[in-house]
There are 2 protein chains.
Amino acid sequence: MIRILLADDQALVRGALAALLDLETDIEVVAQVGRGDEVVAAARDAGAEVCLLDIEMPGLTGLEAAAALRTELPEVRALIVTTFGRPGYVRRALDAGAAGFVVKDTPAKQLADAVRRVHAGLRVIDPDLAAESLMAGPSPLTVREAEILALALDGSPVATIAGRAHLSEGTVRNHLSSAIGKTGATTRAEAARVAHSNGWL
Amino acid sequence: MIRILLADDQALVRGALAALLDLETDIEVVAQVGRGDEVVAAARDAGAEVCLLDIEMPGLTGLEAAAALRTELPEVRALIVTTFGRPGYVRRALDAGAAGFVVKDTPAKQLADAVRRVHAGLRVIDPDLAAESLMAGPSPLTVREAEILALALDGSPVATIAGRAHLSEGTVRNHLSSAIGKTGATTRAEAARVAHSNGWL
DNA sequence: ACGGCGCCATGACACCTGTCACGGGCAGGT
DNA sequence: ACCTGCCCGTGACAGGTGTCATGGCGCCGT
């Protein structure tokens, strides 16, 4: 019997996945949480063996939760199950110690198989996404550039960004200009969009 | 036995919802589609009585699919089940003839109830979202302003937008300026973000 | 020790944007 | 007929933005 924990901020999806997986005779859903910062405690209390983690969650990201699991409960395996197949996410997930990466538009049948493989110690990675991730390569952005771009995501003017980052306006413009060049964009809004869709933020 | 159709572009969520609803003894999932433009045909072939529609789908939007259902199969009831609780979506869903509106972070237990109520001819609307929708009021944007803002969503410069809309640059700037004023933003990127998160695009 | 790279900053310049004033054309309502 | 509101366009202006050159600081690898 494989004991699994579900982490997804959408209660409906969480409950539906539980119903789906409970149909399998060798899988048992032993815990459900809606926040990333509840994963470790719930996994420990319930004695989970595999954790299905969504990425976009309040509290902690699924990626951060995977990293926390690796240090706190190393024997528990993390399987990222997310809506967005952003190429950069795959690398960051593996770096965080995740054992698998599946997108939400894979057939429902395959989810149970992925859980079993991860439980058996194998790595499971969506093949299309793996190829895309290799094609796109790692993020060309430096840490600061990514930070600034993240602050520019909502379309704030440079002055606001500079204030939030405690930097000079000129410096912000330089970082943005560099990021625009690296992403092949012509505007900081476009650069932010590109970087975000690649999972670089 | 209530015969329902599931429309969601994420196969995993679709399958999971099917598993969840099949647990109910009085509900039967008779069709599943992953695109908006397959809803009407599949509903007719399978003899569905209630259609669960996601909004973000390839082909046709869930809102557009609901409108198509109303004209083609008036006896079939549409229940919008979406990730994003954008206030403007509620109004547009009702205008499109939808019988209900539920967000994906409602408890799983309530979904079956919502289906039963819709099947019985009642309207089901998430109460928080209904309040928010009334607070926010209808979209203040004119049709063109919304179009232009939609083209500005990806951060393209004015010249590109003008080209895509077959308009003068000056006109585009005027529409954008007006939209910025109405949304309370200071940048077109921010205005686009606000309008998008309110479901005005 | 030296060069390379990232980070922060300044200043200057061309260009893009947001705003305003103004005008014409076209519907819908009184 | 009149007014109102939306759509499209022009022109001009202040301010924001993207780019470049330049410089100083710290860190790392050889």
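Note that this is a predicted model, so its numbers are computed, not measured.

Here is what the cut-offs are and how they apply
Residues numbered from 1 in each chain as written. Chains lettered and ligands numbered in written order. Predicted model: local features only at pLDDT ≥ 70, side-chain atom pairs only at ≥ 80, totals over all residues. UniProt positions renumbered as here; feature names shortened; annotations may be inferred. Contact = placed C-beta atoms within 7 Å. Helix = DSSP H or I, 4+ residues; strand = E, 2+ residues; numbered from the N terminus. Nonpolar A, V, L, I, M, F, W, Y, C, P; charged D, E, K, R; others polar. Near = placed C-beta within 6 Å. Pairing = 2+ DSSP bridges. Axes fitted to C-alpha atoms, helices over the stretch in contact; angles between N-to-C directions. Buried ≥ 20, exposed ≤ 12 C-beta atoms within 10 Å, placed from the backbone. Right-handed = clockwise from strand over helix to strand, strands pointing away. Core = buried A, V, L, I, M, F, W, Y, C linked by C-beta atoms within 7 Å. Parallel < 35°, antiparallel > 145°, perpendicular 65-115°, else oblique.

Observations concerning the UniProt feature "modified residue: 4-aspartylphosphate" (unreviewed entry) in chain A
The feature "modified residue: 4-aspartylphosphate" (unreviewed entry), as annotated in UniProt, sits at D54 of chain A in this numbering. For D54 of chain A, the residues in contact, after removing those within four places along its chain, are A7, D8, D9, G62, V81 and T82 of chain A.

Points about the interface of chain B and chain A
Every contact between the two is made by 27 residues of chain B and, on the other side, 27 residues of chain A. For the side of chain B that touches chain A, the secondary-structure elements that each account for two or more residues are α1 (11-22), α5 (108-119) and α10 (188-197) of chain B. Among the elements that make up the side of chain B that touches chain A, the one with the highest residue count is α1 of chain B (eight residues). Looking at the side of chain B that touches chain A, its residues break down into 13 nonpolar, eight polar and six charged.

Here's the deal with the protein's contact with DNA strand C
Taken together, 19 residues lie near DNA strand C, and T142, S168 and G170 of chain A together with P157 and V158 of chain B sit nearest. Listed by contribution, the elements that provide at least two residues to the surface near DNA strand C are α7 (143-152) and α9 (169-183) of chain A together with α9 (169-183) of chain B. Ranked by residue count, the leading element in the surface near DNA strand C is α9 of chain B, at six residues. When its residues are assigned to classes, the surface near DNA strand C shows six nonpolar, nine polar and four charged.

Description of the protein's contact with DNA strand D
The environment of DNA strand D is formed by 20 residues, the closest being P157, V158 and S177 of chain A together with T142 and G170 of chain B. Looking at the surface near DNA strand D, the elements with two or more residues in it are α8 (158-165) and α9 of chain A together with α7 (143-152) and α9 of chain B. A total of six residues in the surface near DNA strand D trace back to one element, the largest contributor, which is α9 of chain A. Looking at the surface near DNA strand D residue by residue, the classes come out as seven nonpolar, nine polar and four charged.

Overview of the sheet that holds strand β5 (residues 100-103) of chain B
Residues and elements named next belong to chain B. The six strands lie next to each other as β2-β1-β3-β4-β5-β6, forming an open sheet whose pairing is parallel. Two strands lie at the open edges of the sheet, namely β2 (27-33) and β6 (124-125), each paired on one side alone. As paired strands, strand β3 (residues 50-53) and strand β4 (residues 77-82) are joined by four bridges and run parallel to one another. Counterpart to C51 in the pairing with β4 is A78. In the packing of α5 onto the sheet, the strands contacted are β1 (2-7), β2, β3, β4, β5 and β6, and the crossing angle to β4 comes to about 155°.

Looking at the sheet that holds strand β6 (residues 124-125) of chain A
Residue and element names in this part refer to chain A. Read from one edge to the other, the open sheet built from six strands follows the order β2-β1-β3-β4-β5-β6, with strand pairing classed as parallel. Strands at the two margins of the open sheet, each flanked by one partner only, are β2 (27-33) and β6. In this structure, strand β1 (residues 2-7) lies alongside β2, joined through six bridges in parallel fashion. Bridge pairing in β2 links L5 to A31.

Some remarks on the pairing of strand β3 (residues 50-53) of chain A
Residues and elements named next belong to chain A. With burial as the criterion, each face of β3 is covered, one bearing V50 and L52 and the other bearing C51 and L53. As paired strands, β1 and β3 are joined by four bridges and run parallel to one another. If you follow L5 over to β3, its bridge partner there is C51. In the classification by handedness, the crossover that spans β3, the intervening helix α3 (residues 62-72) and the parallel strand β4 (residues 77-82) is right-handed.

With respect to the nonpolar core
Ranked by size, the top nonpolar core spans 96 residues in total, and within it A16, C51 and L79 of chain A together with A16, C51 and L79 of chain B carry the most contacts. What A16 of chain A contacts, discounting residues up to four positions off in sequence, is V13, A16, L17, A19, L20 and A108 of chain B. Grouped together as the second largest cluster of nonpolar side chains are 30 residues, V172, I180 and A189 of chain A together with L176 of chain B included.

With respect to the packing of α8 of chain A against α9 of chain A
All names here are of chain A. One can describe the packing of α8 onto α9 by two numbers: an axis separation of 9 Å at closest approach and a directional angle of 105°. Taken together, the axes of α8 and α9 are roughly perpendicular relative to one another. Side by side, α8 and α9 meet where V158, A159, I161, A162 and A165 of the first sit next to E169, V172 and R173 of the second. Looking at the contact of α8 with α9 residue by residue, the classes come out as six nonpolar, no polar and two charged.

Let's talk about unusual backbone geometry
Residue and element names in this part refer to chain A. One non-glycine residue, H166, lies in the positive phi region at around 55°. The residue H166 is located in the loop between α8 and α9 in this model. C-beta crowding within 10 Å serves as the criterion here: with 6 such atoms nearby, H166 is assigned to the exposed category.

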